[in-house]
Amino acid sequence: MSVIDASRQETGMEGAQGLHLQSNEVEEDFSRRMERVAEQASSYAATLRRCTACVLPETFPGISFNDQGVCSICQNFQEPEYPGLEKLSSDLQDQLTPNGKVLVCLSGGRDSCYILHLIHEFGFDVIAYTYDWGMVTTAARENMSRMCGDLGIEHVLVSPDIRQNRVRIHRALRAWLKKPKLGTIPILMAGDKPYFRWAREIARERGDIPAVLADHPMETTGFKAMLAGATFSPNQAGGVSYRLGPTGMAKMALSYGLHAAQSPGMFPALFKEGLTGFVDYYLRKHDFVRPFSYIPWEEEQLEELLRSKYDWSSGEDRSSSSWRMGDGTAPFYNLMYQIGLGMTEHDTLRSNQIRYGLMERSEAITRLETDNRFNSLGLASYFVTVGIDLQWAGSRIEEFAFQSLGHEGN
Ligand SMILES: [Zn+2]
């Protein structure tokens, strides 16, 4: 494994520690208070009007319903055609440079691990690449090292100065908690966005080799940008799209700017990352090979294969869903979205699966009970990792819940 230090400063692997609290390490009082908030938020979620075809609630940004109660996103949805595995393999073959290597972006979550397996099975000479911005979970890390070891794959790990990155997240998160606003949550994750830039950089360094990215059209988190005023065309909101039009961008920048003016601590801390993250994520062209535009994304098959072949773990004790398992911030922002909107990104994921014909609505509802189960340990781990006091953060979250849900916090 080679470690590239993105900031050219001393990092070492000490940053790898931190995101892995045991239940006896979390103050019981904190867990109890947060459980209560989470319960209030799910009661609120249960009262919302939802699409009769998918499960999106009336609070989803920009949504409307027709007479049958079907939402605007379902009405505008068109299922894509999948060219299939052979086409994927031949397209990759066409892009190979003389050294025959392929770069696979690896986060340690289910999807990217599966794609690593698949591309290796095809017989390509794979290099795995991970960007660790300080929020990659222990389970994700273990999966990656086990798989790369088993397959004998070179693993390039790009790591910015993790300690410094966590200090920045600390400041931004403190400022955010003082004045919570759903539209600016993505700024707290801005640190992970250089991911794309470094993938391209390494692909170029290794001889302009093709780069493979395991995102999939089910994975739509466009609503996060929409909360800040971005607008996507309906079909874009239903699929993977990172590019924003100029109006959407201006609105989003304005919304971020307004929040910055209200919470001055937020921006100096993340300004640089936020800005480069913004440019990388929303403006730059992403020319990756995306296997999940060739084959349907079938959650259970992927996971089953990984478990049986690589002893892969979803890290279930720490996060109820393996989709966002590579990301230690998910328990936090999903609770915030649940409080503010009565939904999480899992509601958008399951809704997409329904639209793509991969899941029945009734099953989605059952799955969501597990997906949206509050993860107290994950939340505490996030705060502790970035050095935020649990009691203080707990009070701020109670206050946010009180303002949004109108219940007494205790
Ligand atoms: Zn719908």
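Before reading on, note that the structure itself is shown above.
These remarks concern the structure in this document. (Residues numbered from 1 in each chain as written. Predicted model: local features only at pLDDT ≥ 70, side-chain atom pairs only at ≥ 80, totals over all residues. Heavy atoms only, no water.)

Focus: the overall build of the chain
For the chain, the count of helices and strands is 18 helices and five strands. The 410 residues of the chain split such that 59% are buried. Once local pairs closer than 6 in sequence are excluded, the contacts in the chain between residues at least 24 apart make up 79%. Of the accessible surface of the chain, which amounts to about 17100 Å², a share of 49% is contributed by carbon and sulfur atoms. (Helix = DSSP H or I, 4+ residues; strand = E, 2+ residues; numbered from the N terminus. Buried < 20%, exposed > 50% of the residue type's maximum accessible area, 1.4 Å probe, protein only. Contact = heavy atoms within 4.5 Å. Areas by Shrake-Rupley, 256 points an atom, 1.4 Å probe, with all protein chains shown as cover.)

Overview of the nonpolar core
One finds Tyr 129, Phe 332, Met 336, Ile 339, Phe 383 and Ile 397 to be the most contacted residues of the largest nonpolar core, which totals 74 residues. Here this core takes eight residues from helix 14 (residues 330–341), the largest share from any one element. The residues contacting Tyr 129, other than those within four sequence positions of it, are Leu 103, Val 104, Cys 105, Leu 106, His 155, Val 156, Val 158, Pro 194, Tyr 195, Trp 198, Ala 199 and Ile 202. (Core = buried A, V, L, I, M, F, W, Y, C linked by side-chain atoms within 4.5 Å.)

Quick word on the coordination of the zinc ion
The protein atoms that coordinate the zinc ion are Cys 51 (SG), Cys 54 (SG), Cys 71 (SG) and Cys 74 (SG), at distances of 2.3 Å. Geometry at the zinc ion is tetrahedral, judged from its four donor atoms and the angles of 104 to 114 degrees they form at the metal. Mapping the donors of the zinc ion onto the primary sequence yields the spacing C-x2-C-x16-C-x2-C. For the pair Cys 71 and Cys 74, one class covers both residues: buried. (Donors = N, O, S within 2.8 Å, 3.2 Å for Na, K, Ca; no water. Tetrahedral: all angles 85-135°; square planar, octahedral: opposite > 155°, others 65-115°.)

A few points about the packing of helix 1 (residues 28–47) against helix 17 (residues 376–385)
Helix-helix packing is characterised by the crossing angle of the two axes and by the distance between the axes. Direction vectors running N to C along helix 1 and helix 17 enclose 120 degrees, while the axes themselves pass 10 Å from each other. Crossing of helix 1 against helix 17: the hand is right-handed. Between helix 1 and helix 17, the residues in contact are Phe 30, Ser 31, Met 34 and Glu 35 and Ser 376, Leu 379, Ala 380 and Phe 383, respectively. Split into classes, the residues belonging to the contact of helix 1 with helix 17 amount to five nonpolar, two polar and one charged. (Axes fitted to C-alpha atoms, helices over the stretch in contact; angles between N-to-C directions. Left-handed = near helix turned anticlockwise from the far one by under 90°. Nonpolar A, V, L, I, M, F, W, Y, C, P; charged D, E, K, R; others polar.)

The analysis is restricted to geometry; functional conclusions fall outside its scope.
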